[in-house]
Amino acid sequence: MTTAPWRDPALPAAARVDDLLSRMTLEEKTAQLYGVWVGAATDGAARTEGVAPHQHDMTADYDWAELITHGLGQLTRSFGTAPVDPAPAAQALARAQRRIAGAGRFGIPAVAHEECLAGFTAWQATAYPVPLAWGATFDPPLIEEMAARIGQDLRSAGVHQGLAPVLDVVRDPRWGRVEETIGEDPYLTGTIGTAYVRGLESAGVIATLKHFAGYASSAGARNLAPVRAGIREFADVTLPPFEMALREGGARSVMAAYNETDGVPASADPALLTELLREKWGFTGTVVADYFGIGFLETLHRVAGTAGEAAHAALAAGIDVELPTLKCYGKPLLEAVRSGEIPEGLVDRAARRVLLQKCELGLLDEDWTPEPKTADLDLDSAANRALARRVAEESVVLLDNPDGALPLSPDARIAVVGPRAADALAMLGCYSFPSHVLTHHPEVPMGIDIPTVLEALRAELPDAKVTFAEGCAVSAPDTAGFEEAVARASEADVCLAVLGDRAGLFGRGTSGEGCDVTDLRLPGVQGELLDALVATGVPVVLVLLTGRPYALGRWQGRLAAVVQAFFPGEEGGPAVAGVLSGRVNPSGRLPVSVPRVPGGQPWTYLQPPLGLAGEVSSLDPTPLYPFGHGGSYTTFAWGDFTCGDDLTEVGTDGSCEVSLTVRNTGDRTGAEVVQLYLHDPVASVTRPDVRLIGYQRVELEAGGASRVTFRFHADLSSFTDRAGRRIVEPGVLELRLAASSSDVRHTARLHLTGPVREVGAGRRLRCEAHVSGPR
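Residues numbered from 1 in each chain as written. Predicted model: local features only at pLDDT ≥ 70, side-chain atom pairs only at ≥ 80, totals over all residues. Heavy atoms only, no water.

1. Section: the pattern of salt bridges
Selection criterion: Should a side-chain nitrogen of Lys or Arg be within 4 Å of a carboxyl oxygen of Asp or Glu, the pair is scored as a salt bridge. Helix numbering and strand numbering both begin at the N terminus, where a helix is a DSSP run of H or I of at least 4 residues and a strand a DSSP run of E of at least 2.
Taken as a whole, this structure holds 49 salt bridges when the rule is applied. The partner of Arg488 in a salt bridge is Glu484, with the nearest N and O atoms 4.0 Å apart. Here Glu484 and Arg488 lie together in helix α18 (residues 482-490), a separation of 4 residues that amounts to about one turn. Arg757 serves as the salt-bridge partner of Asp715, at 2.3 Å between the closest nitrogen and oxygen. Of this pair, Asp715 sits in the loop between β21 (705-713) and β22 (719-720) while Arg757 is found in strand β26 (residues 757-758), placing the two residues 42 residues apart along the sequence.

Now the structure itself:
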């Protein structure tokens, strides 16, 4: 028996796929271009539960048995749609894959994809901290380790593709999906996001970058609102994290965004999805649609009159796979190709990319098997929980502790007050399984153990007298619980006000997808509750469990301490309690600025001169706590700074080093985050006053010291000029070594010499840092 060339693993993947495509009918090729939303527990039957607007009206009718005779591109969220036991669910997914492979002429299974924004979005799987908490760690190796473990769990369950990370850069913190982002800075987002990609891909799972591109720049911070960003904001803020994650992380998939920019929807933009992504950046993987995004070209954007026209626009732009259903790439696409409205070559182009990826995954090999390697699937192992604890502990930010109220005394009388103190869901973001899916299944248990702050604090401080009062709900206007809360606070030595968000979807929470807000006041009457607690005269420590920053200027100077945690995951309660007790020395740094007043937005620290405070406006946007800020229970001294001459000359294609020694001058181990910012005093277009171009987390024992060296290359000063070119411009620059975007410790002045230099896809994206012993 002769094996067909496409089955021969000794041949190059391209040759195998070309042979396979030549044998396929139009129906078989288009079948590779769409997904179907199924549940593993039903062995291929379509799900009916809805988690998002338009889910039902955007889902096409089909007969499963007939559909799979032509093959199938993707299986949508077999684990992430309903609560199913992981081991039986993996077996059911394997049976569904066997049916798909057995039904078609070529025996090709589907790519199974799942959400993995804060861990595998499946019942009984570890709920890690959200991406905003990853940003707060300033620790790429830790995030890479976490992503690798998430990838291993996905693969063990039969999943090939993860829909993460989100690389949108925060432009307005009122946007509901801030919790899904890594922060307001493109360099932090790029480096942390790239680490996540590396980890996921190291496990053999396809990482999917989203949302490409501009989604977070929506007008008025409304979900899916139009984007009116200029070309320089798009090029210098929006795109760099994606470029880094592709070039350095090796991501194999990109998800087209819902938004339109200047009238052109991303899902119908060949300049974005083909010219930039593929021709300029050299991307060779697959582009997938965000859920229902192709259909939205007809129903929401109204740039297509029919589903077939929407299919044509998306396919021509460069979207290879329609997710999560076959609304447009199914029958409408077939009919449009047969009628000559859509060239079959576009189908061939997309199918080739999909099949190349399936070849990489081993799905075209004769020895492919869908059965999991082990029958016992533990998606929340002790090792997972330990890693989730580490990420949570490193992500907690000590915003303020002016008089040393923290750590708490081990035998103190502590009143714990607030709607987030005794609720396990206070730890989780909107794409965690309990928040995303279990709200539709109230009869089903959580599936994982999630200690609350109250429970964790009692375990952390067994000799303390801890009382509790909820005080109010997260978002309801009822103040009936204030009286009890004030009473408990008045009896205590210290009051912990545990306030914040409830994650949800499309208005079912105060943070999360579709949960946008008009301003940055604390939700509901939580601000009024905090006022009442402060009025008791008892020291109040504010603990925030949120998905975005909230304005805290109203309480400046009135609180004993402030601790910020961004949805820190299933081990977040013990992590926060550890910071409060002093077992954990806080080391998190703000990935987003904390505003002073609720209406002083939209604002991030990446502002040119006219975006800063000044005499031309009565509004002062200066944040209460700046990007990169965070405290510790120990102290650090920065000294022995070196960087050549007072004005070091560097060519526009050159580099130099800046170094300093960081010493732990306190009495306990701690971590400092050294941040490197660029200031460009004069440029041909306005530039941010400062922007992050490097950072290094340094862990030091008491009395210990380390030498931190950054290697700056002129490419890191590049920006988009008036003609749309990315250039390095000669002139004077300042490199600022700082503890935050506004806490500058040392400054080096450089003079870039030589001609204006245009740089492209090969430019240096990262400022390498090296840590060594002190000089």
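Now that the structure has been shown, the text picks up again.
2. Comments concerning the sheet that holds strand β9 (residues 286-289)
Filter applied, for reference: Two strands qualify as a pair provided that DSSP identifies no fewer than 2 bridges between them. A fitted line through C-alpha atoms serves as each axis, taken over the contacting stretch for helices, and the angle formed by two N-to-C directions is quoted from 0 to 180°.
Pairing is parallel across the open sheet formed by 7 strands, whose spatial order is β1-β2-β3-β4-β5-β6-β9. Because the sheet does not close on itself, it has two edges, and the strands there are β1 (35-37) and β9. With strand direction ignored, the average angle separating the axes of adjacent strands in the sheet is 30°. As defined by bridge partners, β1 adjoins strand β2 (residues 74-76) across 3 bridges and the pair is classed as parallel. Looking at β2, one finds that Trp37 is bridged to Thr76.

3. Some details on the pairing of strand β11 (residues 413-417)
The following threshold applies: For every residue, the accessible area (1.4 Å probe, protein chains only) is compared with the maximum for its type, and the residue is labelled buried under 20%, exposed over 50%, or partly exposed between those bounds.
Most of β11 sits out of view: 4 of its 5 residues are buried. Relative to strand β12 (residues 465-469), β11 runs parallel, the two being bridged by 5 bridges. Paired with Val416 across the strands is Phe468, a residue of β12. Pairing of β11 with strand β13 (residues 494-500) involves 4 bridges; the strand directions are parallel. In the sheet register, Val416 faces β13, and the bridge partner there is Leu496.

4. Concerning the packing of aromatic side chains
Formally: The rule is short: rings of Phe, Tyr and Trp, with Trp giving its six-membered ring, pair when the centres are within 6.5 Å, and they are stacked under 30 degrees, edge-to-face over 60, tilted in between. Consider the ring centre and the ring normal. A charge sits over the ring if Lys NZ or Arg CZ is within 6 Å of that centre and within 35 degrees of that normal.
In this structure the tally under the stated criterion is 16 aromatic pairs. Taking 4.6 Å as the distance between ring centres and 5° as the angle between the ring planes, the aromatic pair formed by Tyr605 and Phe627 counts as stacked. Of this pair, Tyr605 sits in the loop between α20 (572-581) and β16 (636-642) while Phe627 sits in the loop between α20 and β16, placing them 22 residues apart in sequence. Accessibility assignment for this pair places Tyr605 and Phe627 in one class, buried. Clustering of aromatic rings is evident, with ring pairs tying together Trp37, Trp175, Tyr215, Tyr258, Tyr291, Phe292 and Phe296. When the ring centre of Tyr431 is taken as reference, the NZ or CZ atom of Lys210 above it lies at 5.7 Å. The side chain of Arg745 reaches across the aromatic face of Trp638, ending 4.8 Å from its centre.

5. Quick notes on helix α9 (residues 240-247)
Stated precisely, the cut-off is as follows: Should any heavy atoms of two residues lie within 4.5 Å, those residues are considered in contact.
Counting buried positions along α9 gives 7 out of 8 residues, so the element sits mostly inside the fold. When we look at burial in α9, the residues that qualify are Pro240, Pro241, Phe242, Glu243, Met244, Ala245 and Leu246. Of the surrounding secondary structure, the elements contacted by the buried residues of α9 are α7 (186-202), β5 (206-212), α8 (231-238), β6 (253-256) and α10 (270-280).

6. Describing the nonpolar core
Grouped burial of nonpolar side chains is what soluble globular proteins tend to show. For clarity, the cut-off: Note on terminology: a nonpolar core comprises buried Ala, Val, Leu, Ile, Met, Phe, Trp, Tyr and Cys residues joined through side-chain atoms within 4.5 Å.
The biggest cluster of nonpolar side chains holds 206 residues, and the ones touching the most others in it are Tyr196, Phe212, Tyr329, Leu552 and Leu735. Looking at which element gives the most residues to this core, the answer is helix α14 (residues 344-360), with 8 residues. Not counting residues within four places of it along the chain, the set of residues in contact with Phe212 comprises Leu239, Phe242, Val254, Met255, Ala256, Ala257, Ala266, Leu272, Leu273, Leu276, Leu277 and Trp281. Membership of the second largest hydrophobic core comes to 38 residues, among which are Leu398, Ala426, Val453 and Val579.

7. Describing the side chain of Asn384
Selection criterion: Whenever two N or O atoms come within 3.5 Å, that pair is a polar contact, provided that in protein one can donate a hydrogen and the other can accept it, and provided that, for residues adjacent in sequence, both atoms are side-chain atoms.
One can find Asn384 in helix α15 (residues 382-395). At a separation of 3.1 Å, a polar atom in the side chain of Asn384 contacts the side chain of Thr126. Look past the residues within four positions of Asn384 in its chain and what remains in contact with it is Thr126, Tyr128, Arg149, Asp153 and Leu379.

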